[in-house]
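Read off the chains here:
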Amino acid sequence: MLEQIQSYLTPIIESYADNPIVQASIVIVVFFVIASIFKYIVILGLKRVIAGAKITLGSNFLDLLHAPIYYSVLLIGLATAATLLRPEPQYLFILSSILKSIAMLIWTVFLLKANKELLNGLVVHPTRFTSFNNKTLPLFQNMLNIIIIVFAVYLVFSIWNVDMTAWLASAGIVGIAVGFAAKDTLANLFSGVFIMADAPYKVGDYVVLDSGERGEITHIGIRSTRMFTRDHIEVTIPNSVMGNSKITNESGGPNERSRCRIAVGVSYNTDIDLVRSVLMAIAANQELVCVDPEPRVRFRRFSGSALDFELLVWIDKPELKGRLIDSINSEIYKQFKENSIEIPYSKHDLYIKEMPIKK
């Protein structure tokens with residue numbers, strides 16, 4: 001690119017001056033004017049157009065872009081001027097490498113800032129970009145920053161003609177060793193990323209684990225998830241376990257409302273219509289039970305010694321489930337006793353074929 005610029009400008013500049021220093025000075029002034037035109041006319045014009053279109057991200061992006069373009073044009077001018085001075089090849093290589101390294105540093109800083117600006121813009125639209133939220137933002141930002149910095153370092157070494165083959169091979173060996181040594185940590189890390197991106201549960205949700213533990217999610221981190229149980233005990237679970245387990249989210253869905261099932265059996269001599277009316281009256285008198293959907297009673301099955309009924313009620317919050325079941329069970333026992341509804345229980349008769357002979 002520099003050779004093309006030089007071949008185009010050299011005949012024009014030589015027509016005005018024969019001294020290389022004067023030629024270099026003219027080139028610097030020309031590129032300074034071009035950089036100023038980009039900075040004060042082109043960029044500002046685009047900012048006004050974007051401001052009229054009310055595109056916030058585009059305006060902020062141009063604020064970041066005008067500086068690297070301005071300095072890149074100046075650095076191209078300095079490199080072209082240095083070429084016109086015709087120094088020794090080794091000095092020209094050092095000077096051009098320094099200028100290219102400075103340009104790489106400027107654009108690296110721009111990419112780091114643009115990365116932050118872009119991700120912040122995606123977080124503003126959680127419905128369109130579900131994987132980007134305030135919790136996953138630092139993770140994605142740090143990952144992209146690492147990629148940008150590593151790529152920039154590689155290009156800087158390439159500018160100075162440093163062979164990176166040995167470095168890359170060493171990095172690969174170190175990466176394999178670290179991967180084997182920290183496989184559990186990496187498994188938790190990647191599971192944490194997937195949990196944050198997929199969001200099967202969030203902080204404040206009531207979940208039930210495969211092990212039967214039930215509680216409220218209080219923290220979702222990169223390495224682990226914390227759950228506060230009904231026994232006021234905080235349980236820390238590695239994200240790799242959470243990612244490979246079946247999680248029942250009682251707070252999931254369009255709202256937190258959930259259904260409770262209270263099973264009860266009555267004897268075969270009981271009036272089933274009376275059972276239905278008593279159970280419905282019990283549900284209607286419970287303050288924690290939702291009016292809509294209304295409670296229901298279902299006659300489920302004929303079991304060996306009882307008629308199995310099930311009372312279905314809805315609650316607004318999953319954490320109220322234990323308290324509600326206790327209250328309904330207590331009231332069922334009292335009301336059944338008042339209405340002479342028998343709850344069958346297991347009875348065992350012992351038959352002795354013969355008494356032992358006393359000696």
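Scroll up to find the structure.
Quick caveat: nothing in here was measured; it's all calculated off a predicted structure. (Residues numbered from 1 in each chain as written. Predicted model: local features only at pLDDT ≥ 70, side-chain atom pairs only at ≥ 80, totals over all residues. Heavy atoms only, no water.)

Trainee: Tell me about the overall build of the chain, and name the residues and values.
Mentor: Check the secondary structure of the chain and you find 10 helices and 8 strands. Counting over 359 residues, the chain shows a buried share of 32%. Counting contacts in the chain only where the partners sit at least 6 residues apart, residues at least 24 apart contribute 64% of the total. (Helix = DSSP H or I, 4+ residues; strand = E, 2+ residues; numbered from the N terminus. Buried < 20%, exposed > 50% of the residue type's maximum accessible area, 1.4 Å probe, protein only. Contact = heavy atoms within 4.5 Å.)

Trainee: Tell me what's going on with the sheet that holds strand 8 (residues 307–315), and back it up with residues and numbers.
Mentor: Spatially, 3 strands are ordered 6-8-7 in an open sheet, and the strand pairing comes out antiparallel. The open sheet has two edge strands with one neighbour each: strand 6 (258–266) and strand 7 (296–302). The mean inter-strand angle of the sheet, taken between neighbouring strand axes irrespective of direction, is 25°. In terms of strand pairing, strand 6 meets strand 8 through 9 bridges, oriented antiparallel. In the sheet register, R261 faces strand 8, and the bridge partner there is L312. On top of the sheet, helix 9 (residues 272–284) reaches strand 6, strand 7 and strand 8; it is set at about 20° to strand 8, its chief contact. Across the face of the sheet, helix 10 (residues 321–338) comes into contact with strand 6 and strand 8 while running at roughly 25° to strand 6. (Pairing = 2+ DSSP bridges. Axes fitted to C-alpha atoms, helices over the stretch in contact; angles between N-to-C directions.)

Trainee: Which residues make up the packing of helix 9 against helix 10, and what values go with them?
Mentor: The interhelical angle for the contact between helix 9 and helix 10, taken along N-to-C directions, is 140°, at an axis separation of 10 Å. Accordingly, the angle class assigned to the pair helix 9 and helix 10 is oblique. Read as a crossing pair, helix 9 and helix 10 show a hand that is right-handed. Contact with helix 9, carried on its side by V275, V278, L279 and I282, involves I328, E331, I332, Q335 and F336 of helix 10 and no other residues of that element. Counted by class, the contact of helix 9 with helix 10 contains 7 nonpolar, 1 polar and 1 charged residues. (Parallel < 35°, antiparallel > 145°, perpendicular 65-115°, else oblique. Left-handed = near helix turned anticlockwise from the far one by under 90°. Nonpolar A, V, L, I, M, F, W, Y, C, P; charged D, E, K, R; others polar.)

Trainee: Can you explain the state of the cysteines? Please cite residues and give values.
Mentor: A full pass over the atoms with the stated rule returns 0 disulfides. In this structure C260 is not part of a disulfide, and its nearest cysteine sulfur, from C290, lies 9.3 Å away. Look at C260 and you get buried, because its relative accessible area is 0%. By relative accessible area, which is 8% here, C290 ends up buried. (Disulfide = S-S within 2.5 Å.)

Remember that the coordinates give geometry; whether it matters functionally is a separate question.
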